[in-house]
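Analysis of the macromolecular model
Given next are the chains, with one letter for each unit.
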Amino acid sequence: MSDDGAPRLSPLAARYDHVLLDLDGCVYVGEEPTPGAVEAISALRAAGKGVAFVTNDGRHAGEDYVRKLWRLGFRASLEEVVTVGGALQHVLADAEGWRAAYVVGAPAIHRHVEDAGVRIVNGRDVPVPDVVVVAAHDDLHYDELRGATQAVLRGAALICAGRDATFPMPDGLWPGTGAIVAAVEAATGVEAINAGKPAAQPFLTALDRLGAPSSGARALVVGDRLDSDVAGARAAGLDAALVLSGATTEREARAADPAPVAIAATLAELLLRR
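Attention here is on the structure that accompanies the text. (Residues numbered from 1 in each chain as written. Predicted model: local features only at pLDDT ≥ 70, side-chain atom pairs only at ≥ 80, totals over all residues. Heavy atoms only, no water.)

**Points about the pairing of strand β10 (residues 166-169)**
For clarity, the threshold we go by: We treat two strands as partners when DSSP finds at least two bridges between them. Strands are runs of DSSP state E lasting at least two residues, helices are runs of H or I lasting at least four, and both sets are numbered from the N terminus onward.
Relative to strand β11 (residues 172-175), β10 runs antiparallel, the two sharing four bridges. Each bridged residue has a counterpart across the sheet, and for T166 the counterpart in β11 is P175. The turn joining β10 and β11, which pair antiparallel and follow one another in sequence, is formed by two residues.

**Comments concerning the packing of aromatic side chains**
We count it as follows: Stacked, edge-to-face and tilted labels apply to pairs of Phe, Tyr and Trp rings (six-membered ring for Trp) whose centres lie within 6.5 Å, assigned for plane angles under 30 degrees, over 60, and everything in between, in that order. Consider the ring centre and the ring normal. A charge sits over the ring if Lys NZ or Arg CZ is within 6 Å of that centre and within 35 degrees of that normal.
Applying the stated criterion across every chain yields a total of one aromatic pair. A cation over an aromatic ring shows up here: K68 above the ring of Y28, its NZ or CZ 3.9 Å from the ring centre.

**Here's the deal with the pattern of salt bridges**
We count it as follows: For salt bridges, the criterion is a side-chain nitrogen of Lys or Arg within 4 Å of an Asp or Glu carboxyl oxygen.
For the coordinates displayed, the defined rule picks out 14 salt bridges. Each of D22, K197 and D229 takes part in one network of salt bridges that share partners.

**With respect to the packing of helix α4 (residues 84-94) against helix α5 (residues 107-115)**
How we decide: Between the N-to-C directions of two axes lies an angle of 0 to 180 degrees, each axis being a line fitted to C-alpha atoms and, for a helix, fitted only over the stretch in contact. Working definition: roughly parallel below 35 degrees, roughly antiparallel above 145 degrees, roughly perpendicular at 65 to 115 degrees, and oblique for all remaining angles. For any pair of crossing helices, the crossing counts as left-handed if the nearer helix is rotated counterclockwise from the farther one by less than a right angle, and right-handed if it is rotated clockwise. Throughout, a residue-residue contact means that at least one pair of heavy atoms, one from each residue, lies within 4.5 Å. By the convention adopted, Pro, Cys, Tyr, Trp, Phe, Met, Ile, Leu, Val and Ala count as nonpolar, Lys, Arg, Asp and Glu as charged, and the other residues, Gly among them, as polar.
Interhelical geometry of α4 versus α5 gives an angle of 25° and a closest axis separation of 8 Å. The orientation of α4 with respect to α5, classified from their angle, is roughly parallel. The handedness of the crossing between α4 and α5 comes out as right-handed. Residue-level contacts link G85, G86, L88, Q89 and L92 of α4 to I109, H112, V113 and D115 of α5. Per-class residue counts for the contact of α4 with α5 are four nonpolar, four polar and one charged.

**Overview of the sheet that holds strand β7 (residues 119-120)**
For sheets, the rule is that strands pair by backbone hydrogen bonds, running either parallel or antiparallel. The strand order across the open sheet formed by five strands is β7-β6-β8-β9-β12, and the pairing between neighbours is parallel. The sheet is open, and its two borders are formed by β7 and β12 (193-194), each paired with just one other strand. The sheet contact formed by strand β6 (residues 100-104) and strand β8 (residues 131-134) spans four bridges and is parallel. Bridge pairing in β8 places Y102 opposite V132. Against the sheet, helix α6 (residues 142-153) contacts β6, β8 and β9 (157-160), and its axis sits at roughly 145° relative to β6.

**Regarding the sheet that holds strand β14 (residues 239-243)**
As summarised here, the arrangement of the six strands in space is β5-β4-β1-β13-β14-β15, forming an open sheet in which the pairing is parallel. Strand pairing shows two members of the sheet lacking a second neighbour, β5 (81-83) and β15 (262-264), which therefore form its edges. In this sheet, adjacent strand axes meet at a mean angle of 20° when their direction is disregarded. Alignment of strand β4 (residues 50-55) against β5, held across three bridges, turns out to be parallel. Paired with F53 across the bridge in β5 is V81. In this fold helix α8 (residues 201-209) packs onto β1 (18-21), β4, β5 and β13 (219-223), with an angle of close to 155° to the strand it touches most, β5.

**Describing the packing of α6 against helix α7 (residues 177-188)**
Packing of α6 against α7 leaves a shortest axis separation of 9 Å and a crossing angle of 45°. Viewed along their axes, α6 and α7 adopt a mutual orientation that is oblique. Seen from above, α6 lies across α7 with right-handed handedness. Where α6 approaches α7, its residues L145, A148, T149, V152 and L153 are matched on the opposing element by I180, V184, A187 and T188. Tallied by class, the residues present in the contact of α6 with α7 amount to seven nonpolar, two polar and no charged.

Okay, here's the thing in structure tokens:
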């Protein structure tokens, strides 16, 4: 604590100018903040650190995440939230020849595809779409997997919103996009292009929004997954720390190679001085 009773940053957090935070399993689980997370993020802001939230969960729009963060006691702006839907939109907009898509995903993913200038052709009697977009969502139906499989087998490219096999919820782990796209890959023999973490782009987008240079930025990525958060930070040339409040066990974290710069039980334990 500081002299005025406010939480003080840990020596680790003090070394960085910017902190890029995963959401599910790191900042919150379901509808509950992880212990001390509100205080930890408030302390980052009080110390003048840049804060961004980077998520592979494509079920909601950026505005939805901002509302949820405020509801749970966090301050957040839309510019600070980088969703995998935004990363997908970036990839689709830059790709030449992708003008029609079959989409498996929530309404937020559909909007990002349309905002990239790509026409959605689900359920239409049209030639083969140029690309199939896959993201987990709560109302997934077998017909979507069938349509995606048939489109890929007929020549469409395949892109996914991350490879997280699961994400943490209060009652345990739920299947993530990685589980859904694995079904399409198994049915078609085609490996999907990944637009989400562990690709570097979501983290580079976050740094850009914070006004930080992508090279030489003193930024720390904090997440709960080795295969997306830590690996994605490494792809972006950034340091990564791991919290154990989500999908990774301490045994898995300690065995990681290369190892995160730090491992802690929670975000608060990582970022606040004890």
